[in-house]
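One letter stands for each residue in the lines below.
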Amino acid sequence: MNWHAHLPALLLAVPLLGAFATPVFNMGGKTLRNAWFIVISSSVFLIALALWHQVSVNGIQVYVMGAEQFALSLPSGMKLPVRIILEVDALSAFMALAGSITSLAGAWFSLSFMDRFTGLSRFVSLYLLLTVGMLGMMITGDLFNFFVFLEIASVASYGLVAFWRDRPQAIEASFKYMLLSQLAAMLVLVAIGFLYGRYNVLNMAAIGSLIHMGIVEKVALAFLISALALKCGAFPMYLWIPDAYGEAPASVSCLLVTVSQASLYGLFRVCFSIYGLAMSNKVVAWILIIFGLLSMFIAVSMAVIQHEVKRLMAYHAVSQTGYMLLGVGVGLLALGNSQALAEYGFTALKGGVFHIFNHAMYKGLLFLTAGTLYYMTGTRDLNKMGGLVRKSPWTAFMFVVAAAAIAGLPPMNGFASKLLIYQSSFAVHPLLTVVALVTSILTLASFVKVFQTAFLGPEQDRMADVKKVPATMLVGMGILTVAVLLLTFFPTWALSHLVEPAAKALVDQAGYIAAIMGGAF
Amino acid sequence: MRKTIFIIAALVFGGLMLGALDSIHPFGEPGNVPMDEYFLHHALEDRSSENVVTSIVFDYRGFDTIGEAAVLFTAVCSVLALFREGAKK
Amino acid sequence: MKPLSIVVRTCCDMFAWFMVVFGSYVIIHGDVTPGGGFQGGAIVATFMALLLVAYGGEKVLSWVKFSFYNGLLIVGLLLFLLFGFSGMANSFFYNFLAVPEAVALAGGAHGIIPPSGTIALMDIAVGIEVTGGLTLILLYMFKGTRMFNLIEMGGETGHDSR
C-alpha cells in the first residue's frame, strides 16, 4: 500500500483523530496532553510538506473518498464525478504549507501562554478542529465539502474567540462575529444550492466545465463573492475583525489569520477555476480591485491611532488583505488576454499569491509578539508599557524582523511581494500604485510607533515586576521568524519554486478540470 | 432613514433570490438528473442498502458526514469551554 | 428549578425510558427505514430534557454523571474514524464490508435485510455520538443558567489585571 498516494486524506484525518482523542489523553495529565498536541501539529506540518513536494514533482493530485481505487473519479458509465474528490494543485499545497506552519507555531506558543487557564483540553480540541477546517477548505475539490469545512472552522473559532469568558468584551466580540459569519455561511449555502439545482453536480471541476452564464449563475456569483469577502475581511465587511482578533488569545489570532486566507483562497477558486472565462471578468476584477484599495487605505488610517496592541495589528491584517485583493484583481483583469497576461497580469498574480504566504508568516509572528507583551506585563495598553527591550531582547529582535517585513523595507520578503504588486498595478492605472505606496508608508509609521513605545524608552516603575518569557513561547515565535528569514535570504528560489507553480495553477482552468474529467473539456 | 435603506436592501435581495429561483428549472420538474439517477439505480445493486438517503449520507458522501459529526463535537466543546468552572480561588 | 407536581413526575416516569428505546430503534434501523444516526440521537437526548423539566435542576444535577456522556461522545467519534481508517487499503472511507445485492441473494444466508456493510455500523456510531453530545449541551446550558448560585467564579481574568 503506497501511502504517498493517501497523503491528501491523511492531511485531514490526522488532525481529526488528534482532536477527537484529546479528551482521552487529557485523563493522563497535562504533560501527556501537551505532548499529544505537539505530536499532532508536527505531523500535520510534515504531511503538508510531503504533499507539497509530491505536487511539485507529480502535478495535480486527485483523491476520491470511498472509491475502489483512490483515483477513479468517474465511475463506470458516468460522465460526471459522483463521490467527494479532493483535488490538490500547486496553489492548494502552497496554502496548506503556510497554514500548517502557523498552526505549529501557535501550538508551541500556547503550551505555556495558556498555562493559568482551566478547560485546556477543550482548547486543544478546538484548536486542532480549527486547523482541520482551514486545511479542508484549502484542499477540497467539492463545493458542499467546502461549505462543511467552512462551518467547522467557523464554529471552532466562535468558541476560541470567546475563550477568555471572564472578560465581557470577548463574549461580545464572539457574538458579533458569530452573527456575521452565520450570515455568510447561509449565503454560501444558498449559492451552492442554486448551482446544484441547475447542473446537478457538486464538484468544482465539473461545474467549471459545464457552466454558462445566466441569471442564476450571476446571482450565485454575487452571493459567493460577498460572503467569502465577508469571511476574509475585505472593505465594507471588515468590522468584525478588530474585535475578534483583538479579544482572542494570541495563538488563536495567529491561526485565525490563515483561516481568513483560506476564505480568500475560496474566493479565488470561484473566480478563476469555476467561473473562469465564462463571466465578464472586467466587472468582477474591478470590484475586487476597488475592495482592495479601500480596505488598504481605510484600515491603515484607522490603525495608526489605536493604542491597544492587538487591535492595531488586526487593522493591519485587513489592510494587508487589501494588497492581496489588489494583486489578484489585476491578474483577473488580464485573464482572457494573453498579451496583457504576459505583460502585467502574471506578475500581479505572483505578487498577490506570494503576499499570502508572507502575510501568514509575519502577521502570525506579530500577533505572537503582542501575546508575549501581554504575558510579560499583564496589560495591552501601549500607554502603560515601556522599555521592554532590556527584559527580553529576543522578543524585540523578532518584533523588528516582523515589523520590517510588514512595512516592506528591503530586503525583507514583504518588500519582494509588494514590489511585484506595485510594478503590475502601475501598468493598469498609476493611482493604484500611489494608494499602495501611501499605505506602506503609514504601516511603517504605525509600527515605528509601537516599537518605540513598547520596547524603547525609559522603564516605568510599574514595569519592575514583568514576568520572564518561557522557552516554549520563544520556540513558537522562532519557527515563524526562521520562515520569514528563509524567505528573505532566498527570494529567487521561493519565487521560482513556491510561487510560480501556484500562480500558474490559478490561471490554468483547463488543467484543473482535465485532472478530474479526464480531458473531456 | 436607516430603516428605508434596510427595507430597500431587503427588497432587492429578495427580488434577486426569487428571480434566480424561478429560472433554475420549471417548477415541479427536475432539469438535469444524471447524478440523481445514478444514486437511485446503483444504491441497491452495489451497496445493498434499502434506504438510499442513508447510503448517500454514509457511503457516497461519507466525508461530509464526518464533517458534520465534527461540527457537533466542536459545538459541544465550545459550550463546555464557555461554561467551565473557573479556577478555584 | 423546583420539581413539578406529582402528575407531571409520574408521566415523566412512564415516558422517559420509552424515549430511549424508541430512539435506539430509530438509530439501529437506520439503513432500512427512514431515520438514522442523527435523528435517533436527538430522540434519545430528549430523555434528559424530560427529566430536567419534571424533576428540577437540583435533583438531576446531583445524580447525573458527566463522564458517562463524555464517554459516549468520544466513543462514538473514535468508532466512526476507526471505520473510516479500516478501509484504507483502497481509499479513506471505503465501504469494505458491503456485499452487492446480486452476490448476497446468491449466497442465500443473509435473511431479510441486505448487508450494507459499514453504512449500518457508522450509523450506530453517529447515533451514540449525537446522544452524548446533545445531552451534554443540555446539561451544561442548564448548569450555566444557575452558575452564579452553584459555583464560585474566580481567578481567571483574561483582561487587564494591573
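The rules behind each value
- Residues numbered from 1 in each chain as written.
- Chains lettered and ligands numbered in written order.
- Predicted model: local features only at pLDDT ≥ 70, side-chain atom pairs only at ≥ 80, totals over all residues.
- Heavy atoms only, no water.
- Helix = DSSP H or I, 4+ residues; strand = E, 2+ residues; numbered from the N terminus.
- Buried < 20%, exposed > 50% of the residue type's maximum accessible area, 1.4 Å probe, protein only.
- Contact = heavy atoms within 4.5 Å.
- Areas by Shrake-Rupley, 256 points an atom, 1.4 Å probe, with all protein chains shown as cover.
- Buried area = accessible area lost by both parts, 1.4 Å probe.
- Salt bridge = Lys/Arg side-chain N within 4 Å of Asp/Glu carboxyl O.
- Polar contact = N/O pair within 3.5 Å; in protein donor to acceptor, adjacent residues only side chain to side chain.
- Nonpolar A, V, L, I, M, F, W, Y, C, P; charged D, E, K, R; others polar.
- Axes fitted to C-alpha atoms, helices over the stretch in contact; angles between N-to-C directions.
- Parallel < 35°, antiparallel > 145°, perpendicular 65-115°, else oblique.
- pLDDT = per-residue confidence, 0-100.
- Left-handed = near helix turned anticlockwise from the far one by under 90°.

*Asks:* Explain the overall build of chain A to me, please; I cannot follow it from the model alone.
*Replies:* Tallying secondary structure elements over chain A gives 19 helices and two strands in all. Its C-alpha atoms put chain A at 75 × 60 × 40 Å along the principal axes. Here chain A, with 521 residues, has 67% of them falling under the buried criterion. Sequence separation of 24 or more characterises 82% of the internal contacts of chain A that already satisfy a separation of 6 or more. Surface exposure of chain A reaches about 16,100 Å², of which carbon and sulfur atoms provide 70%.

*Asks:* How do you make sense of the interface of chain B and chain A when you look at a structure like this?
*Replies:* Often the size quoted for an interface is simply the accessible area lost on bringing the parts together. Contacts between the two partners involve 38 residues from chain B and, on the opposite side, 48 residues from chain A. Summed over both sides, the interface between chain B and chain A buries roughly 3,900 Å², with carbon and sulfur atoms accounting for 68% of that surface. On the chain B side of the interface with chain A, the three residues burying the most area are Met35, Phe63 and Arg84 of chain B, jointly 18% of the side's total. Across the pair Asp142 of chain A and Arg61 of chain B runs a salt bridge whose closest N-O atoms are separated by 2.9 Å. For the interface between chain B and chain A, the tally reads eight residue pairs in polar contact (both at pLDDT 80 or more). At the level of elements, helix 1 (2–22), helix 2 (34–47), helix 3 (52–60) and helix 4 (62–82) of chain B are the ones that each hand at least two residues to the side of chain B that touches chain A. Ranked by the residues each element gives to the side of chain B that touches chain A, the list is headed by helix 4 of chain B, at 15 residues. Across the side of chain B that touches chain A, the residue classes break down as 23 nonpolar, seven polar and eight charged.

*Asks:* Which parts of the structure should I look at to understand the packing of helix 1 (residues 7–26) of chain A against helix 2 (residues 30–58) of chain A?
*Replies:* The axes of two packed helices give the description: the angle between them and the distance between them. Residue and element names in this part refer to chain A. Running from N to C, helix 1 and helix 2 cross one another at 180 degrees; their axes reach a closest spacing of 10 Å. Considered as vectors, helix 1 and helix 2 are oriented roughly antiparallel to each other. Taking contact as the criterion, the partners of Leu7, Pro8, Leu10, Leu11, Val14, Pro15, Leu17, Gly18, Ala21, Thr22, Phe25 and Asn26 in helix 1 are, on helix 2, Leu32, Arg33, Trp36, Ile40, Ser43, Val44, Ile47, Ala48, Ala50, Leu51 and Gln54. Tallied by class, residues from the contact of helix 1 with helix 2 come to 17 nonpolar, five polar and one charged.

*Asks:* Any chance you could explain the pattern of salt bridges here in plain terms?
*Replies:* Pairs can form between side chains of opposite charge whenever their charged atoms are close. Residues and elements named next belong to chain A. This model, assessed by the stated rule, comprises 11 salt bridges over all chains. Among the ionic pairs, Lys30 bridges to Asp115, the shortest N-O distance being 3.3 Å. One end of the pair, Lys30, is in helix 2; the other, Asp115, is in the loop between helix 3 (90–113) and helix 4 (120–139), with 85 residues separating them in the sequence. On the accessibility criterion, Lys30 (44% relative accessible area) is partly exposed.

*Asks:* Just checking my understanding: could you explain the confidence of the model for chain A for this structure?
*Replies:* Low-pLDDT stretches of the model should not have their predicted coordinates read in fine detail. Looking at chain A as a whole, the pLDDT averages 87, with 96% of positions reaching at least 70. The secondary-structure element of chain A with the lowest mean pLDDT is helix 19 (residues 509–517) of chain A, recorded at 83, while helix 5 (residues 143–161) of chain A shows the highest, at 94.

*Asks:* Even after reading the chapter, I still don't get the side chain of Asp31 of chain C, so can you show me in this structure?
*Replies:* Checked against the element boundaries, Asp31 of chain C lands in the loop between helix 1 (6–28) and helix 2 (37–55). Other than its neighbours up to four places away in sequence, Asp31 of chain C contacts Glu50, Asn51 and Thr54 of chain B together with Ser116, Ile119, Ala120 and Asp123 of chain C.

*Asks:* Is there a simple way to explain the packing of helix 8 (residues 215–232) of chain A against helix 10 (residues 250–275) of chain A in this structure?
*Replies:* All names here are of chain A. Where helix 8 meets helix 10, the axes come as close as 7 Å, and the angle between the chain directions of the two elements is 160 degrees. Taken together, the axes of helix 8 and helix 10 lie roughly antiparallel to each other. Taken as a pair, helix 8 and helix 10 cross one another with a handedness that is left-handed. Residues Glu217, Ala220, Leu221, Leu224, Ile225, Leu228, Lys231 and Cys232 of helix 8 form the contact with helix 10, whose participating residues are Ser260, Ser263, Leu264, Gly266, Leu267, Val270, Cys271 and Tyr275. For the contact of helix 8 with helix 10, a count of residues per class yields 11 nonpolar, three polar and two charged.

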